[in-house]
Amino acid sequence: RTNALFHLTLELSKAGSLGDIIKTGINELNSQFGVIPEIVLQDGKNNLLEASLMVDKTSDPERVKTIAAWCFQNQQKAGTGTSHFSDSRYSFYPLKGNKQNPGVLLVQHVKPLSGDQCLLWEAFLGQISIALEREFLGEMAQRAKFLHESDRLYKTLFNSISHEFRIPVATIMGASDTLLHESHSEVIRNELFNEIFKASVRLN
């Protein structure tokens, strides 16, 4: 069991993305317990990405989504072998993190887990959850940084465009006001008209 956990931890440490962690977790669970589970992540707003559920077509997909959502929201096991939705063919396990719960794992066990197997199963889920949480929080931090940089770029661009508009608009307003409210020679009037025209071209 210790060797199996060490191997799992080693493989998870090599994973470079959420997809890699999920693939590694599924492979290790399959190798150790002979099952092929599904891992459903949340969207960052504490809602499961239910569209990623790939349960077989003979089951009721809506019911599976309902149980998965209940398991995630309540952070309790559900399905086969539990007191919640025990008539389901699947067992649902919440993936618990320290700061963020990454999602839910569901599986159809080939045979019930024994006492020692239950402990090892829980240890496996704990390691997978921690790895998912680490990568999940990392991606959220990157997304937040990207949004911050995008906001800063937007403000810089907006200020630049505003500046480019203000100069010709001010020229047109000033020259127009002068022409409307003051008398000038033909030469000055032509110069003012020329300034209005050049400012209009700049605006265009």
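Whatever comes next refers back to the structure up there.
What you are looking at is a predicted structure, and each value in this text was computed from that prediction instead of being measured.

Enquirer: Describe the overall build of the protein chain, listing the residues and the values that go with them.
Expert: When helices and strands are counted, the protein chain shows five helices and four strands. Relative to the globule expectation of 17 Å for 204 residues, the C-alpha radius of gyration of the protein chain, 31 Å, shows a markedly less compact shape. For the C-alpha atoms alone, the extent of the protein chain along its principal axes is close to 105 × 35 × 25 Å. Partitioning the contacts of the protein chain with sequence separation of at least 6, the portion at a separation of at least 24 is 54%. Of the accessible surface of the protein chain, which amounts to about 12,900 Å², a share of 56% is contributed by carbon and sulfur atoms. Treating the 21 positive side-chain charges of the protein chain as one cloud and the 23 negative ones as another, the clouds have centres 5 Å apart.

Enquirer: Any chance you could break down the side chain of Glu-28 for me, citing the residues and the numbers?
Expert: When you line up the elements, Glu-28 lands in helix α2 (residues 18-33). Residues in contact with Glu-28, not counting those within four places in the same chain, are His-7, Leu-8, Glu-11 and Phe-124.

Enquirer: Explain the sheet that holds strand β2 (residues 78-79) to me, and be specific about the residues and the numbers.
Expert: In space, the four strands of this open sheet follow the order β1-β4-β3-β2, with antiparallel pairing throughout. Here the strands that pair on one side only, and so sit at the sheet edges, are β1 (38-41) and β2. Here strand β3 (residues 91-95) runs beside strand β4 (residues 103-107); their pairing, made up of five bridges, is antiparallel. Looking across to β4, one finds that Pro-94 is bridged to Val-104.

Enquirer: Outline the nonpolar core, listing residues and values.
Expert: The biggest cluster of nonpolar side chains holds 25 residues, and the ones touching the most others in it are Leu-29, Ile-39, Leu-105, Trp-121 and Leu-132. Listed by contribution, the elements that provide at least two residues to this core are α1 (2-14), α2, β1, β3, β4 and α4 (115-181). Here this core takes eight residues from α4, the largest share from any one element. Apart from the residues within four sequence positions on either side, Leu-132 is in contact with Leu-18, Ile-21, Ile-22, Ile-39, Leu-41, Leu-95 and Pro-102. If you look at the next biggest cluster of nonpolar residues, it comprises twelve residues, including Ala-68, Cys-71, Ala-78 and Val-104.

Enquirer: Describe the pairing of β3, listing the residues and the values that go with them.
Expert: A regular strand places its side chains so that they alternate between the two faces of the sheet. Across the five residues of β3, five count as buried, placing the element largely inside the fold. What you see with β3 is no split at all: Ser-91, Tyr-93 and Leu-95 on one side and Phe-92 and Pro-94 on the other are buried throughout. Strand direction decides the pairing type here: β2 and β3, joined by two bridges, are antiparallel. Bridge assignment links Ala-78 to a residue of β3, and that residue is Phe-92.

Enquirer: How would you sum up the environment of Ala-170? Please name residues and give values.
Expert: Locating Ala-170 in the fold gives a position in helix α4. Exposure remark for Ala-170: the relative accessible area of 48% places this residue in the partly exposed category. Taking the C-alpha atoms as reference points, Ala-170 and Ala-199, 29 residues apart in sequence, are found 8.9 Å from one another.

Enquirer: Could you give an account of the packing of α2 against α4, naming the residues involved and the relevant values?
Expert: Direction vectors running N to C along α2 and α4 enclose 175 degrees, while the axes themselves pass 10 Å from each other. Here α2 lies roughly antiparallel to α4, going by the angle between them. Contact residues: Leu-18, Ile-21, Ile-22, Gly-25, Glu-28, Leu-29, Gln-32 and Phe-33 in α2; Gln-117, Leu-120, Trp-121, Phe-124, Leu-125, Ile-128, Ala-131, Leu-132, Arg-134, Glu-135, Phe-136 and Glu-139 in α4. Each residue belonging to the contact of α2 with α4 can be placed in one class, and the counts come to 13 nonpolar, three polar and four charged.

Enquirer: Describe the packing of aromatic side chains, and please don't skip the residues or the numbers.
Expert: Summed over all chains, the structure comprises five aromatic pairs. With 5.6 Å between their ring centres and 85 degrees between their planes, Phe-33 and Phe-124 make a pair best called edge-to-face. Separated by 91 residues along the polypeptide, Phe-33 in helix α2 and Phe-124 in helix α4 bring together distant segments of the chain. Residue Phe-33 shares its accessibility class with Phe-124, and that shared class is buried. Note on Tyr-154 and Phe-158: the rings are 6.0 Å apart at their centroids and 25 degrees apart in plane angle, and the pair reads as stacked. Of this pair, Tyr-154 and Phe-158 both sit in helix α4, four residues apart, which is roughly one turn of that helix. For Phe-158, a relative accessible area of 49% puts it in the partly exposed group. Linked through ring pairs, Phe-33, Tyr-93, Trp-121 and Phe-124 together constitute an aromatic cluster.

About the criteria used
Residues numbered from 1 in each chain as written. Predicted model: local features only at pLDDT ≥ 70, side-chain atom pairs only at ≥ 80, totals over all residues. Heavy atoms only, no water. Helix = DSSP H or I, 4+ residues; strand = E, 2+ residues; numbered from the N terminus. Rg over C-alpha atoms; globule rule 2.2 N^0.38 Å. Contact = heavy atoms within 4.5 Å. Areas by Shrake-Rupley, 256 points an atom, 1.4 Å probe, with all protein chains shown as cover. Lys, Arg positive; Asp, Glu negative; His and termini not counted. Charge placed at Lys NZ, Arg CZ, Asp CG, Glu CD. Pairing = 2+ DSSP bridges. Core = buried A, V, L, I, M, F, W, Y, C linked by side-chain atoms within 4.5 Å. Buried < 20%, exposed > 50% of the residue type's maximum accessible area, 1.4 Å probe, protein only. Axes fitted to C-alpha atoms, helices over the stretch in contact; angles between N-to-C directions. Parallel < 35°, antiparallel > 145°, perpendicular 65-115°, else oblique. Nonpolar A, V, L, I, M, F, W, Y, C, P; charged D, E, K, R; others polar. Phe/Tyr/Trp six-rings, centres within 6.5 Å; stacked < 30°, edge-to-face > 60°.

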